[in-house]
Amino acid sequence: MYKPGKWVGYMLYLLAVAGLCLYILFPDDILRNHINSRSARLFAPYLVKITQVKPAFPPGVHLQGITLRRDQRELLHIASTRVSPVYSALLAPGHTLQARTALWGGDLRSRLHVTADQGQTIITAKTTLAAVALENIPELDQISERALAGRLSGAVVWDSSQSADPVTADLTVTDGRVELLIPWLAVKQVDFRRIDTALTLNRQRILIKQCVFVGKQISGDLNGSIQLRYPLGKSLLILAAVIKLQPDFLDQLQSKLPKGLLPAENKNGGYRVRFGGTLDKPMFSLK
């Protein structure tokens, strides 16, 4: 007599045994070493290292203990992330993977596409960020040596075929705060409701195409470049901004400063500011 429940039970048992065998026999060391060696070639001079690879279901892998280093200095550590194929792209040329990571109190989702063109590997990666807490990023505290806060969102795209500007980013910070190392006229911090930035990165140079900010005390826009050096605090600033004082903040300054000490705003209703020096020791001039 045909008993469908019995055959379903057998199938479930076989699937469970197969899954257990795959888990036990999973080539952790081989896959981990392959990823580490491939990463070393693709991301030099940065070193990406993964300590453990485990299988995941639905089909995928968990990468654990991911670190990003340069010159023996750890720049990033991710406890775990899950990587899986994009099934809708299986029939397309190349390989497409997706990953999701909880990092710095926020959420990161990435999509990686790898193709080969005339023997050259081309990588396109897009990462979207949501509600990443700036105060949880240790590297920012070390560089700026001051308290920073805010929620970072946006998208970062890396296209290895673009030699001029392989990395582009559109980022937004909300509820931002920057501590002043030396309080000025009882102002201990600068608060921003929103900062929108469009930039490109080419290894040693960040080009800020546009940065528009609106805050409690000031608003305005900024552009220029940051020439990266290591350690990052020694990176050179070449930035220009037009800053407008908010009415309440302007009244506060005028009430505390001697009359005539605060320069008049230019014809556009703001102040031209140039930033120089380095990230850890910035300098500015006001016009």
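Caption draft 1: Local environment of the overall build of the protein. If you tally the helices and strands in the protein, you get four helices and 14 strands. Among the 287 residues that make up the protein, the fraction classed as buried is 33%. Considering only contacts in the protein between residues 6 or more positions apart, those separated by 24 or more positions represent 38%.

Caption draft 2: Region of the structure containing the confidence of the model for the protein. On average, residues of the protein carry a pLDDT of 80, and 82% of them reach 70 or more. In the model, residues 12-26 has pLDDT below 50 throughout and makes seven contacts with residues more than four positions away in sequence or in other chains.

Caption draft 3: Summary view of helix 4 (residues 247-256). Phe 249, Leu 250 and Leu 253 are the residues of helix 4 that are buried. In a view along the axis of helix 4, the buried residues occupy a sector of 100°, so they form one face of it. Exposed side chains of helix 4 directed beyond 90 degrees from the buried face belong to Pro 247, Asp 248 and Ser 255.

Caption draft 4: Structural detail: unusual backbone geometry. Despite not being glycine, Ala 131 has its phi angle at roughly 55°, a positive value. Tracing the sequence through the fold places Ala 131 in strand 6 (residues 120-133). Ala 131 sits in the partly exposed class, given a relative accessible area of 38%. A positive phi is found at Asp 175, a non-glycine position, where the angle reads about 55°. Structurally, Asp 175 can be placed in strand 8 (residues 167-184).

Calculation criteria
Residues numbered from 1 in each chain as written. Predicted model: local features only at pLDDT ≥ 70, side-chain atom pairs only at ≥ 80, totals over all residues. Heavy atoms only, no water. Helix = DSSP H or I, 4+ residues; strand = E, 2+ residues; numbered from the N terminus. Buried < 20%, exposed > 50% of the residue type's maximum accessible area, 1.4 Å probe, protein only. Contact = heavy atoms within 4.5 Å. pLDDT = per-residue confidence, 0-100. Arc of directions from axis to C-beta.

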